[in-house]
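Overview (structure and organization)
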2 protein chains.
Amino acid sequence: MVRPKIVLFGDSITEQSIRENGWGVSLANAYSRRADVLVRGYGGYNTRWAMFLLHHLFPLDSTTPPIATTIFFGANDAALIGRTSERQHVPYEEFKENLRKFVRHLKECSPTMKIVLITPPPVNEKGRLAYAKSKYGEKATEVPERINEVTVQYANACLEVAYEMGVSCINLWAIMQHTDGWQTKYLSDGLHLTAEGNTVVYREVIKVFDEAGLSADNLPFDFPHHSKIDSKHPERAFQQNACDVQL
Amino acid sequence: MVRPKIVLFGDSITEQSIRENGWGVSLANAYSRRADVLVRGYGGYNTRWAMFLLHHLFPLDSTTPPIATTIFFGANDAALIGRTSERQHVPYEEFKENLRKFVRHLKECSPTMKIVLITPPPVNEKGRLAYAKSKYGEKATEVPERINEVTVQYANACLEVAYEMGVSCINLWAIMQHTDGWQTKYLSDGLHLTAEGNTVVYREVIKVFDEAGLSADNLPFDFPHHSKIDSKHPERAFQQNACDVQL
């Protein structure tokens, strides 16, 4: 049996999910022996640049497309014009259209793929400024390069595209702000996730996968648990598993 | 660019490497955006049972075989006859021959694949007995099901096969015992690894990969770092990367 794939497509918040305490690690662990969790996170990327990767990461002719994909962009697209991260900015309408293209492409790859949009997390401007100061000292910007009231528009774009196209969306922007102290509880530098922030993403993704019938318990092991192997006749466990073993 | 694969093939010590603080997580993180680390660890498996997986996990006709594979068995093969884990026992000679078959098969898959045998870690009998007691109470075995002086034979088999066949071997059995207090510093239940034990495996694997020219720094990113993207002409970065993007 070939183990199915779950792909995490996004920016730095996805790239960093493979670090200790990352939501990608938690997912990989939850799906141990059942599915491979492949991290396709590209720090600094917006949807415009990620568009160049789409056909490479998700080729239409793949015989083993992912069973589920998370699409987690917007944090960079929402960078403000005229501020230090201007080059990453993508206009709202283009962002929305790019998301549509992502979803359309994934549906074409596999009509059964579970597609989950994740909105960018909220922005804590104070945290961004403190981070800039810690990095650039006196030269640091005095106005934040991202603000929460703009990021919410990009979060809403995710929700709207998901609704339009009939796919799931995790409104991380809203969910995180339901908890007092989210600014530092969930965000390490006003934008990226703390360990607790990673736990929120993991919990929400698992919830959506469960509702889609993709809970780890629902996916078989790729090969039998060792307790199912008869030590006198080990081949039987593998035959039952429909493995055509030729050794 | 398709991201190359590094496969970790083994028993529970490999399966658990994807948990928090696991050596698989550390490897995946080190090779972030450069290679996928795929965990193929099967708890409780010995080399005899793992033999049934070999052609499935490493098909000879794969066009994208792993660039490196770790083979990490022996902890279960070395279980003693006449004790509680007898069913997992594989005789020394068969164990050795199974390792040879694994290596021969992987070489056939790809003559350039970096193949790394890892010996089983040392066994702390006291830790095993304490674990049995915590699990089975009064019914626990009073003699350990694995002992260090037998496991060393299986460790030596790894070394001999590696030497014979010209592949690398990490003598984890010996390395761990160089440190005072290895019994509880590196082993959580006399057999499986603590966070510090995982760090030892990670460090040793990285060292062997580095010596083979496979350090993460030597492998390219699958797609450009965002700082290489000209925001006015993003397509250029992807063309340079020889990506034939058709959107």
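Note that the structure is a prediction, hence the values are computed from the model and not measured.

Concerning the overall build of chain A
A count of helices and strands for chain A gives 11 helices and 5 strands. With the C-alpha coordinates aligned to their principal axes, the bounding extent of chain A is approximately 70 × 35 × 30 Å. A total of 247 residues make up chain A; the buried ones form 57% of that total. A separation threshold of at least 6 residues defines the contact pool for chain A, and within that pool the share at least 24 residues apart is 77%.

As for the relation of the copies chain A and chain B
If you rotate chain A by 180° and push it 0.0 Å along the axis, it lands on chain B with an RMSD of 0.0 Å. Accordingly, the operation relating the two chain copies is best matched by a two-fold axis. Closest to the rotation axis within chain A is the C-alpha of Glu-20 of chain A, separated from it by 3.2 Å. Most of the interface of chain A is mirrored in chain B, where 100% of its interface residues again form contacts.

What about the sheet that holds strand S3 (residues 68-72) of chain B?
All names here are of chain B. Taken together, 5 strands build an open sheet; the order of strands is S2-S1-S3-S4-S5 and the sheet is parallel. Because the sheet does not close on itself, it has two edges, and the strands there are strand S2 (36-41) and strand S5 (168-170). Ignoring which end each strand starts from, the neighbouring axes of this sheet average 20° apart. Bridge analysis of strand S4 (residues 114-118) against S5 gives 3 bridges, and the strand direction is parallel. Bridging from a neighbouring strand, Ile-118 pairs with Ile-170 of S5.

Cut-offs used in this document
- Residues numbered from 1 in each chain as written.
- Chains lettered and ligands numbered in written order.
- Predicted model: local features only at pLDDT ≥ 70, side-chain atom pairs only at ≥ 80, totals over all residues.
- Heavy atoms only, no water.
- Helix = DSSP H or I, 4+ residues; strand = E, 2+ residues; numbered from the N terminus.
- Buried < 20%, exposed > 50% of the residue type's maximum accessible area, 1.4 Å probe, protein only.
- Contact = heavy atoms within 4.5 Å.
- Least-squares fit on C-alpha atoms with pLDDT ≥ 70 in both.
- Pairing = 2+ DSSP bridges.
- Axes fitted to C-alpha atoms, helices over the stretch in contact; angles between N-to-C directions.

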